[in-house]
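So you can see what is in the structure, the chains are spelled out below.
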Amino acid sequence: MPDMPAVLFVCLGNICRSPLAEAAFRAEVARQGLDVQIDSAGTGDWHLGHAPDPRAQAQAQQHGIDISGYRARLVEPDDFHRFTHVFALDEKNLADLEALRPDTGTAVLSLLLDHVPGKEGTSVADPYYADAAAFAVTWDEVTDAARRIVEGMTAGRL
Ligand code: 4NP
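Presented here is a report on the structure given in the accompanying data block. Note that this is a predicted model, so its numbers are computed, not measured.

### Overview of the site of the ligand
Near the ligand, the surroundings consist of C11, L12, G13, N14, I15, C16, R17, H47, D126, Y128 and Y129. Contact between the ligand and N14: an oxygen atom at 3.2 Å from a main-chain N or O atom of the residue. In this structure, an oxygen atom belonging to the ligand sits 3.5 Å away from a side-chain N or O atom of Y129. Considering the ligand on its own, with 350 Å² of exposed area, one finds that the protein chains cover 93% of that surface. Taken together, the residues of the shell around the ligand break down into 6 nonpolar, 3 polar and 2 charged.

Right, here's the structure in full:
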């Protein structure tokens with residue numbers, strides 16, 4: 001890997017999908033013994049400063065990961081300078097990020113599932129209005145993406 005990557009995951013509320021993506025990515029990076037800066041943020045401001053949704057916390061806990069200390073924050077234009085990679089969890093997040101991105105922004109912006117073969121161009125469904133089972137689907141998707149992205153970084157493709 002050339003420079004130390006700095007990776008940001010962005011969804012709408014920053015309490016369901018992007019905290020799970022952050023947790024899955026942290027776990028994968030730790031497994032591989034890599035040094036990567038990692039954070040998550042939201043495009044909406046309803047839950048600023050809040051811990052992840054209890055159902056997201058429970059899902060992470062099932063995999064031995066405590067995300068109760070995460071706090072929701074709003075994505076900001078400077079994130080495109082601070083991070084090398086920004087991953088949007090869904091297509092609406094991607095459109096909002098494209099609009100927010102400063103001309104000088106250096107981060108590479110992409111849809112998270114573009115990094116999962118066969119799921120290119122698709123969104124991680126929002127589990128907020130769904131049930132606990134939906135959070136298990138979210139976990140599987142973000143875990144798969146995290147592994148592919150770390151693989152890509154290790155191989156110098158990302
Ligand atoms: P997230 O889920 O974007 O995956 O964090 C949501 C959380 C909250 C809301 C929408 C989606 N909300 O409308 O408050």
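### What to know about the pairing of strand β1 (residues 6-11)
One face of the sheet, then the other: side chains in a regular strand alternate in exactly this way. Most of β1 is tucked away, with 6 of its 6 residues classed as buried. Residue alternation in β1 divides its side chains into two sets, A6, L8 and V10 and V7, F9 and C11, and both sets are buried. Note that β1 and strand β2 (residues 37-42) share 6 bridges and pair parallel. Bridging from a neighbouring strand, C11 pairs with G42 of β2. Across 4 bridges, β1 lies against strand β3 (residues 85-88) in parallel orientation. Within β3, the position partnered with V7 by the bridge is H85.

### Description of the nonpolar core
If you look at the biggest cluster of nonpolar residues, it comprises 33 residues, and the most contacted ones within it are F9, L20, F25, I67, L112 and V142. Those elements that place two or more of their residues in this core are β1, α1 (17-32), α2 (54-62) and α5 (132-154). Take this core: its biggest share by element is 8 residues, from α5. If we skip the residues at most four places from it in the chain, V142 touches R17, L20, A21, A24, L89 and L112. Formed by 14 residues, the second largest nonpolar core is a distinct cluster that contains A6, V10, A41 and V86.

### Thoughts on the packing of aromatic side chains
Counted according to the given criterion, the structure contains 3 aromatic pairs. Look at F9 and F87: their rings are 5.6 Å apart centre to centre, the planes differ by 25°, and that puts the pair in the stacked class. Of this pair, F9 sits in strand β1 while F87 sits in strand β3, and the two are 78 residues apart along the sequence. Joined through ring pairs, the aromatic side chains of F9, F25 and F87 make up one cluster.

### Regarding the packing of α2 against α5
Contact geometry for α2 and α5: axes closest at 10 Å, N-to-C directions at 55°. As judged from the angle between their axes, α2 and α5 are oblique. For the pair α2 and α5, the sense of crossing is right-handed. Taken together, the residues of α5 that come into contact with α2 (itself represented by R55, A56 and Q59) are A132, F135, A136 and W139. Classifying every residue of the contact of α2 with α5 by side-chain character gives 5 nonpolar, 1 polar and 1 charged.

### Some details on helix α4 (residues 91-100)
When we look at burial in α4, the residues that qualify are N93, L94 and L97. Relative to the axis of α4, the buried residues are bounded by an arc of 100° and lie together on one face. Looking at α4, the residues exposed on the side facing more than 90 degrees away from the buried face are K92 and A99. Of the surrounding elements, those touching the buried residues of α4 are β1, α1, α3 (79-82), β3 and β4 (108-111). By the N-cap criterion, in which a side-chain oxygen at the helix start approaches the backbone nitrogen of a residue two or three places on, α4 is capped by D90, the distance to K92 being 3.0 Å.

Parameters and conventions
- Here, residues in each chain are numbered from 1, in the same order as that chain's written sequence.
- A pLDDT threshold of at least 70 governs which residues receive local features in this predicted model, and a stricter bar of 80 or more applies before side-chain atom pairs are shown or counted, although totals over entire chains, interfaces and linings include all residues.
- Only heavy atoms go into the side-chain values, all of them from the structure, while hydrogens and water stay out.
- The cutoff for a nearby residue is simple: one of its non-hydrogen atoms must lie within 4 Å of the molecule or strand.
- Here a polar contact means two N or O atoms within 3.5 Å. Within protein one must be a hydrogen donor candidate and the other an acceptor candidate, and residues neighboring in sequence count only if both atoms are side-chain atoms.
- Here the open area of atoms and residues is found with the Shrake-Rupley method and a 1.4 Å probe, where only the protein chains shown may cover a residue.
- Note that Gly is not counted as nonpolar here; it falls among the polar residues with everything else outside the nonpolar set of Ala, Val, Leu, Ile, Met, Phe, Trp, Tyr, Cys and Pro and the charged set of Asp, Glu, Lys and Arg.
- Between buried and exposed lies partly exposed: a residue is buried under 20% and exposed over 50% of the maximum accessible area for its type, with that area taken using a 1.4 Å probe on protein chains only.
- In DSSP terms, a helix is any run of H or I states spanning at least four residues, a strand is any run of E spanning at least two, and both are numbered starting from the N terminus.
- Strand pairing requires that DSSP identify at least two bridges connecting the strands.
- In these notes, a set of buried Ala, Val, Leu, Ile, Met, Phe, Trp, Tyr and Cys residues joined through side-chain atoms within 4.5 Å is what counts as a nonpolar core.
- Residue contacts follow a heavy-atom distance rule, with two residues in contact if any of their heavy atoms lie within 4.5 Å.
- For Phe, Tyr and Trp, where Trp contributes only its six-membered ring, two rings pair if their centres lie within 6.5 Å, and the inter-plane angle classes them as stacked under 30 degrees, edge-to-face over 60, or tilted in between.
- All axes here are fitted lines through C-alpha atoms, helices being fitted over the stretch that makes contact, and every angle between N-to-C directions spans 0 to 180 degrees.
- Oblique is the label for every angle not falling under 35 degrees (roughly parallel), over 145 degrees (roughly antiparallel), or within 65 to 115 degrees (roughly perpendicular).
- Helix crossings are classified by the rotation of the near helix relative to the far one: an anticlockwise turn of less than a right angle makes the crossing left-handed, while a clockwise turn makes it right-handed.
- This arc is taken over the directions from the axis of the helix to the C-beta atoms.

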